Amino acid sequence: SQAYYSNEIIAEIYAQALEQAGFTVTRNFQIGQRDAYIPALENGEVQVFPEYTGNLLQFYDPDTTATKSDEVYAALQDALPDGLAVLDQSPATDQDSYNVTREFAEEHSLRSIADLADVDVPLVLGGAPELEERPYGPKGLESVYGVTVEFQATGDTTVDSLTQGVINLANVYSADPRIESADLVTLEDPEGLFLASNVVPLVSADIVDEVAGILNPISAALTPEGLVAMNVESVDQQKSAADIATEWLQGNGFLD
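This one's a predicted model, so the numbers in the text were calculated from it and none came from an experiment.

Rules used throughout
- Residues numbered from 1 in each chain as written.
- Predicted model: local features only at pLDDT ≥ 70, side-chain atom pairs only at ≥ 80, totals over all residues.
- Heavy atoms only, no water.
- 1 Å grid on protein atoms, 1.4 Å probe; cavity = no way out; pocket = protein on both sides within 12 Å on 5 of 7 lines; lining within 4 Å.
- Points joined across faces, edges and corners; volume = space filled by probe spheres on them.
- Nonpolar A, V, L, I, M, F, W, Y, C, P; charged D, E, K, R; others polar.
- Phe/Tyr/Trp six-rings, centres within 6.5 Å; stacked < 30°, edge-to-face > 60°.
- Helix = DSSP H or I, 4+ residues; strand = E, 2+ residues; numbered from the N terminus.
- Buried < 20%, exposed > 50% of the residue type's maximum accessible area, 1.4 Å probe, protein only.
- Pairing = 2+ DSSP bridges.
- Axes fitted to C-alpha atoms, helices over the stretch in contact; angles between N-to-C directions.
- Contact = heavy atoms within 4.5 Å.
- Parallel < 35°, antiparallel > 145°, perpendicular 65-115°, else oblique.
- Left-handed = near helix turned anticlockwise from the far one by under 90°.

**Section: empty space enclosed by the protein**
What the rule picks out here adds up to one cavity of 30 Å³ or more. In terms of lining, the largest cavity is formed by Asn55, Gln58, Asp96, Tyr136, Phe194, Leu195 and Ser197. Residues that form the lining of the largest cavity fall into these classes: three nonpolar, three polar and one charged.

**Overview of the packing of aromatic side chains**
Aromatic rings in a pair are described by how distant their centres are and how their planes are angled relative to each other. Across all of its chains, the model carries seven aromatic pairs by this definition. Here the aromatic rings of Tyr37 and Phe49 are separated by 4.0 Å at their centres, their planes lie at 20°, and the arrangement is stacked. Of the two residues, Tyr37 is situated in helix H2 (residues 34-42) and Phe49 in strand E1 (residues 48-52); the sequence distance between them amounts to twelve residues. Since its relative accessible area comes to 1%, Phe49 is described here as buried. Note on Trp248 and Phe254: the rings are 5.7 Å apart at their centroids and 15° apart in plane angle, and the pair reads as stacked. Pairwise contacts between aromatic rings join Tyr4, Tyr5 and Tyr173 into one cluster.

**Some words on the sheet that holds E1**
Spatially, three strands are ordered E1-E8-E2 in an open sheet, and the strand pairing comes out antiparallel. Lying at the two open borders of the sheet, with one neighbouring strand each, are E1 and strand E2 (84-86). The sheet shows a mean angle of 35° between the axes of neighbouring strands, direction not considered. The sheet contact formed by E2 and strand E8 (residues 199-204) spans three bridges and is antiparallel. Of the residues in E8, the one forming a bridge with Ala85 is Val203. Of the strands in this sheet, E1, E2 and E8 are in contact with H2, which crosses E1 at around 135°. Along the sheet face, helix H3 (residues 53-60) touches E1, E2 and E8 and points at about 95° away from the line of E1.

**Concerning the layout of surface pockets**
Counted as a void, the largest pocket has a volume near 940 Å³. Lining the largest pocket we find 33 residues, and of these Gln33, Asp96, Ala128, Glu130 and Tyr173 sit closest to its centre. Among the secondary structure elements, those contributing two or more residues to the lining of the largest pocket are H2, H3, helix H7 (158-163) and strand E6 (169-173). Its residues placed into classes, the lining of the largest pocket shows 15 nonpolar, eight polar and ten charged. Lining the second largest pocket we find 21 residues, and of these Leu18, Val25, Thr26, Gln47 and Val48 sit closest to its centre. Mapped onto the lining of the second largest pocket, the elements with two or more residues apiece are helix H1 (5-20), E1 and helix H9 (208-221).

**Thoughts on unusual backbone geometry**
Residues other than glycine seldom take positive phi values, yet Gln30 does so here, at roughly 60°. Mapped onto the elements of the fold, Gln30 is located in the loop between H1 and H2. Despite not being glycine, Gln238 has its phi angle at roughly 60°, a positive value. We classify Gln238 as exposed; its relative accessible area is 63%.

**Things to note about the packing of H1 against helix H11 (residues 241-251)**
For the pair H1 and H11, the least separation of the axes is 8 Å and the interaxial angle reads 60°. In terms of their interaxial angle, H1 and H11 are classed as oblique. Judged by the sense of rotation from one axis to the other, the crossing of H1 with H11 is right-handed. Along its contact with H1, which presents Glu8, Ile9, Glu12, Ile13, Gln16 and Ala17, the element H11 presents Ala241, Ala242, Ile244, Ala245, Thr246, Trp248 and Leu249. Split by residue class, the contact of H1 with H11 holds nine nonpolar, two polar and two charged.

**What to know about the sheet that holds strand E7 (residues 184-186)**
Across the sheet, five strands lie side by side as E5-E4-E6-E3-E7; this open sheet has mixed pairing. Two strands close off the open sheet at either side, each with one partner strand: strand E5 (150-153) and E7. Strand-to-strand twist in this sheet, taken as the mean axis angle between neighbours without regard to direction, amounts to 35°. Inspection of the sheet shows strand E3 (residues 96-101) paired to E7 by three bridges, in the antiparallel sense. Residue pairing for E7: Val100 is matched across the bridge by Val185.

Here it is, written out as structure tokens:
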């Protein structure tokens with residue numbers, strides 16, 4: 001899995017489902033980001049990984065123009081290198097989104113990212129350090145929406161930085177439970193600055209036939225609401241990824 005609690009939960013769901021089907025699974029969780037784990041997938045060290053369609057597509061094709069879910073999924077299948085394949089994508093998404101506090105949204109009548117162009121105070125965007133160079137970061141905001149921002153690398157403190165007023169615009173994953181608990185407003189993205197990023201199993205091409213029948217039904221059952229609920233269990237209730245995964249698999253009829 002990535003070094004991200006939500007991704008680890010999905011990886012644990014895959015692992016337990018594969019074990020239920022008779023596979024021996026070695027867990028290699030919290031590897032890091034794509035520059036760390038993609039080479040492990042490409043050389044066969046890792047064979048199954050929970051991914052996100054839009055961000056993975058941009059990794060292999062930074063100039064892609066696909067934005068909608070089905071378009072992104074089709075483009076991703078073409079962009080993957082030999083040796084890797086994606087199984088069915090899930091309705092669940094965990095994608096980048098731009099958020100403001102409810103107070104800031106009401107003060108400036110904000111509903112979409114486009115509305116930021118009319119804000120009469122300097123905008124300071126916070127997020128992971130790599131956001132500064134991502135296509136949907138400051139350059140994308142300016143080219144797509146005409147919105148100019150200053151960038152601050154806030155990393156794990158992004159939501160706190162937003163609620164404390166250090167920044168006034170935050171890049172937060174859409175399944176992050178803090179959007180609800182901190183009463184943030186997620187701005188609509190009418191121009192498709194962010195690619196749809198549905199959860200999808202990324203696997204070694206030579207095991208597709210062996211694992212598709214196990215993992216595709218899991219993808220079909222994983223909903224956006226279900227993913228958020230599991231993330232709440234992880235963050236607010238401090239449950240382990242293994243326990244959350246077992247409960248989800250049992251609740252959805254995949255484990256006895």
